[in-house]
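Breakdown of the fold
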Amino acid sequence: MNKTVITLGMATLLAISIYLVTAKDPAESSDSEPALFAMQSAPDAGVEIDTRSEIKSETALATTASQQLPGQDNTSHSPSIKQVMMSPIERMRAIQNKTELQQSVLAEHMEFSRYAANNQRFETEQNDPLIKRYQVDERTTLNEDKTSALTVWSDKKFYQQGDTIVVYARLQDAAGNTINTEFAGQLIFNESKNLQQLMLQDTNGDGIYSTSIQTQTDSGDMLDTGVYKILIVNRLNKVADAVAVMLSNPGAVFTGAYRDRASVNGDLLIEVEVEVEQKTRSRYYLQGSLYSSTNDPIGSSQYAGELGPGRHWLPLTFDQKMILDAGEPGPYLLRNLALSKVDIPVHRSELLHPNYYTQSYSETTLAALSK
Amino acid sequence: MFKTNIFKRSKTRCQQAHGKTKAIRSLLLASAVLAVSSAQAMAANCYIMVHGHGTNGSIVSGGNQPALDYWKSYNFSTYQGSNFFNALLNPGDNYGIVGYDSTDASGYPYYRDETSGEIARQIIAIKQGNGDGYTHPESGTQCSATDNFWIVSHSQGAQQMMFIAGNAISGSPYYNTAFGNNGAVSVDYDAAMNGILGVFTLGGAITGTEGADRVCNGNWLDALINAAFLGKDCNDSVRYLQTNDVYTVRNYIGNNLAAPFYVMGGYKGFPGLEGASSGLLAGEDDGYINLASQMSCAGSAKRNLWDDLNTYRTFFGIAYGSPTFRCNNANKGTPRTYNMASIYTDHDAERNAGISGPGYTSIENGISCGNGQNMAGRIGTCTAN
């Protein structure tokens, strides 16, 4: 409360001061007064608050110069009250003895706000968000007396109707040696419906046991879409765990058509054509990752929107600065691509590797387009 | 000629007087600017508190304020009398309580309007300076619209904030969307996250908990984990707390988060006999949540993570050699997620600051301000103006 009173008092004093300074004086010439910005010693004190985006981005100092109080001459260089109100990031910058966290927040903000918010720069393939999202979920569980460890996994995490789900299990002792044993399995749908018992077998004697689940019967009937859990139990060692996979039907497919161009801002726009096969409108989510033609990672982008039946061109915009920072000339490779129908649970397509190369944009071409 | 000379002298004196006035005015303005800037730089911190599982935070009635009391409640009597705010708040700091229904009886998972939707709406109201609707025992601690905003989230609260922040950027799959009984509803996650400097997660169930796995998998139900806390059936709120990746919140967010997340993990088991629950969780844990989940590590939440956030080859449980995996900032499962601290505290003490000076382990990319303090104290020290 006290701080609020002080701040209001200071703001009032400021308003009075601005009025006194800018009041018309018959003997004054319009270009005789130096810019008041020069007298401000607080760093970046002139940055305008944009309450919608004060953290996500900051308005450049130069663009706030035109902001003024009512009645001011348009040629005046006097700042408005708005100009001297600081954003949370600016307030943090003004702290004299910043803590390590505050320094981290500021550095992170600078890095994040360098690119469009829906882009993510990554420097190694393992940090490609699409690779991470589709990575197989391998899980290890110890039994209660820690004498053995059960590891389970499936060959994929997201399946399409008609796919075959393959599940694996391995038991190891405390020294890490594989144990020959028996496993029992149970297929459960939607956490509530027991569908069938499963037998896991080690077909080649390597200690890895597996079972397969057909999602389409011989008569062509499909298993319902949803989450399937394969509970795997080793009764001898009293250890159990479950693999959970999603059987999807996104209701849309990639047509295989792509096109690209540079946007007016100098960003790289790649458009991907999809065909929505289902009859009702749904929300769809597209995510793609960009690499150089020599397979060096650049970054990822995303798009989401409502789509009705038929063909659509969906945009993936890759920030010009993100591409320039990677220091790689074109052409660029759209290497990983995935489409999802946004629902609960989410229906994901296969992870696609379109092997699509863009036109040969040079770094200077993209940079020049932004000027 | 005389008249001309007089005119010239008059004009000079006038010009000199005018120049002095202008200088005084400019000095006055500069002082005011500096004063305002200084006051702005020292704006109060506002901590927006998002509780975890098992609390009906939608109740606010007289002295019955479960969402506020969450931060001083205790499951273990050894923490009786502890209070998160005693360790968190510096003079002049404020806080806002967010209350939502995270009970098993209601069974609302993180994507529901009753959870993420309600949390987002309350965050917006708190940031507008409208107060949180709770009676604070600490007088004068309601947030104002000019505060510096931080979010503090515990357990399931961290999962909730990950969903909100991960869908607050245009182009995200569930952008500004939650789900009610009749399908999708519009919620302004974007506005909720705008202006948030950072999100702290304390014992966050970011990639779930094995406790939920055990409830849902239906095998040897573990009586040592407080069944009343997790619930006895696999309702949606427990289902989406499992460690299987098809359920984890990171599978339901977009490319980026709207604010940075600073993750803190606990690796002390519960006091007394309840400490046996740790034996049932892979890797280090805080009694309920695997450390790999708390720290949002890439890969499985069941990683055998040690307190230094590394995994190792083991021989009869003894680690040896170089790390086989390092949960540093480069190996997170979610974007804009950063290590803050790995602390010798349990899931209960994380939210009530019941252990005042816990031990800790140095971790890669850790943040050292507040070393030696509990999670509340670390936040207060590291965010002090």
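The rules we used
- Residues numbered from 1 in each chain as written.
- Chains lettered and ligands numbered in written order.
- Predicted model: local features only at pLDDT ≥ 70, side-chain atom pairs only at ≥ 80, totals over all residues.
- Heavy atoms only, no water.
- Helix = DSSP H or I, 4+ residues; strand = E, 2+ residues; numbered from the N terminus.
- Contact = heavy atoms within 4.5 Å.
- Areas by Shrake-Rupley, 256 points an atom, 1.4 Å probe, with all protein chains shown as cover.
- Axes fitted to C-alpha atoms, helices over the stretch in contact; angles between N-to-C directions.
- Parallel < 35°, antiparallel > 145°, perpendicular 65-115°, else oblique.
- Nonpolar A, V, L, I, M, F, W, Y, C, P; charged D, E, K, R; others polar.
- Pairing = 2+ DSSP bridges.
- Buried < 20%, exposed > 50% of the residue type's maximum accessible area, 1.4 Å probe, protein only.
- Polar contact = N/O pair within 3.5 Å; in protein donor to acceptor, adjacent residues only side chain to side chain.
- Disulfide = S-S within 2.5 Å.
- Salt bridge = Lys/Arg side-chain N within 4 Å of Asp/Glu carboxyl O.
- Core = buried A, V, L, I, M, F, W, Y, C linked by side-chain atoms within 4.5 Å.
- pLDDT = per-residue confidence, 0-100.

This next bit is on the overall build of chain B. Looking only at helices and strands, one finds 12 helices and 11 strands in chain B. By sequence separation, contacts in chain B at least 24 residues apart represent 70% of the contacts at least 6 residues apart. When the accessible area of chain B is evaluated, it comes to approximately 13,000 Å², of which 53% is carbon and sulfur surface.

Another point: the packing of helix H4 (residues 113-127) of chain B against helix H5 (residues 156-165) of chain B. How two helices sit against one another is set out by the angle between their axes and by the gap between those axes. Residue and element names in this part refer to chain B. H5 packs onto H4 with a crossing angle of 80° between their chain directions and a minimal axis gap of 10 Å. What the angle tells us is that H4 and H5 run roughly perpendicular. Packed against H4, whose contacting residues are Thr115, Ser116, Ile119, Ala120 and Ile123, the element H5 presents Gln160, Met161, Phe163 and Ile164 at the interface. Of the residues contributing to the contact of H4 with H5, the split by class is six nonpolar, three polar and no charged.

Here we come to the sheet that holds strand S6 (residues 196-202) of chain B. Hydrogen bonds between backbone groups are what pair the strands of a sheet, and the pairing can be parallel or antiparallel. Spatially, seven strands are ordered S2-S1-S3-S6-S7-S10-S11 (chain B) in an open sheet, and the strand pairing comes out mixed. The outermost strands of the open sheet, each flanked by one partner alone, are strand S2 (94-98) and strand S11 (360-361) of chain B. As defined by bridge partners, strand S1 (residues 45-50) of chain B adjoins S2(B) across five bridges and the pair is classed as parallel. In the sheet register, B:Cys46 faces S2(B), and the bridge partner there is B:Asn94. Packed on one face of the sheet, helix H4 (residues 100-112) of chain A meets strand S3 (148-154), S6, strand S7 (261-266) and strand S10 (337-343) of chain B and runs near 140° to S7(B).

Residues and elements named next belong to chain B. Mapped onto the secondary structure, threonine 361 falls in strand S11. Taking the relative accessible area as the measure of exposure, threonine 361 reaches 18% and is therefore buried. Side-chain polar atoms of threonine 361 contact the side chain of tyrosine 267, separated by 2.8 Å. Among residues more than four places away in sequence, those in contact with threonine 361 are Tyr267, Asp307, Asp308 and Ser342.

Moving on to helix H12 (residues 375-382) of chain B. Burial analysis of H12(B) places seven of its eight residues in the buried class, which makes it a mostly covered element. For H12(B), the set of buried residues is B:Met375, B:Ala376, B:Gly377, B:Arg378, B:Ile379, B:Gly380 and B:Cys382.

Moving on, we come to the state of the cysteines. All names here are of chain B. For the structure on display, the rule yields four disulfides over all chains. Bridging cysteine 46 to cysteine 143, the disulfide has an S-S length of 2.0 Å. Disulfide cysteine 46-cysteine 143: the torsion about the S-S bond is 80°, which places it as right-handed. Here cysteine 46, found in strand S1, pairs with cysteine 143, found in the loop between H4 and S3; they are 97 residues apart in sequence, far enough to count as distant. Relative accessible area serves as the criterion here: at 0%, cysteine 46 is assigned to the buried category. The disulfide that involves cysteine 216 links it to cysteine 234, with 2.0 Å between the sulfurs. Judged by the torsion about the S-S bond (90°), the cysteine 216/cysteine 234 disulfide is right-handed. You can see cysteine 216 sitting in helix H7 (residues 210-217) and its partner cysteine 234 sitting in the loop between helix H8 (227-230) and helix H9 (236-239), a full 18 residues away along the chain. Of the residues examined, cysteine 216 reaches a relative accessible area of 11% and is grouped as buried. Taking only the cysteines that form disulfides and numbering them from first to last, chain B has the pattern 1-2, 3-4, 5-6, 7-8.

Taken as a whole, this structure holds 23 salt bridges over all chains when the rule is applied. Salt-bridge contacts for A:Arg93 lead to A:Glu90; the nearest nitrogen and oxygen are separated by 2.1 Å. Placement of the pair is A:Arg93 and A:Glu90 together in helix H3 (residues 88-94), with a separation of three residues, close to one helical turn. Of the charged contacts in the structure, one is a salt bridge between B:Lys302 and A:Asp241, with a shortest N-O distance of 3.1 Å. With B:Lys302 in the loop between helix H10 (291-294) and strand S8 (310-315) and A:Asp241 in strand S10 (residues 239-248), this residue pair bridges two chains. For the pair shown, B:Lys302 and A:Asp241 are each scored as buried.

This part is about the nonpolar core. Residues and elements named next belong to chain B. Grouped together as the largest cluster of nonpolar side chains are 66 residues, with contacts concentrated most on Ile48, Ile151, Met161 and Met193. For this core, the element with the highest residue contribution is H5, accounting for six residues. Ignoring anything within four residues of it in the chain, the contact list for isoleucine 151 reads Ile48, Val50, Ile123, Met161, Met193, Ile196, Gly198, Val199 and Phe200. One finds Tyr134, Leu197, Leu202 and Ala376 within the second-largest nonpolar core, a separate group that totals 37 residues.

Residue and element names in this part refer to chain B. Per-chain confidence: chain B averages 88 in pLDDT, with 85% of residues scoring 70 or above. Residue range residues 220-231 is modelled with pLDDT below 50. Its contacts to residues more than four positions away, or to other chains, number 30 contacts. Complex prediction metrics read pTM 0.85 and ipTM 0.88.

Once that is clear, we can look at the environment of A:Glu191. Its location among the elements puts A:Glu191 in the loop between strand S6 (184-189) and strand S7 (193-199). Assessed through its relative accessible area of 15%, A:Glu191 is described here as buried. For the pair formed by A:Glu191 and A:Ala244, sequence separation is 53 residues and the distance between their alpha carbons is 9.8 Å. Dropping the residues within four chain positions of it, A:Glu191 is found in contact with A:Lys229, B:Cys216, B:Cys234, B:Arg239, B:Gln242 and B:Tyr247. One polar contact links A:Glu191 to A:Lys229, side chain to side chain, over a distance of 3.0 Å.

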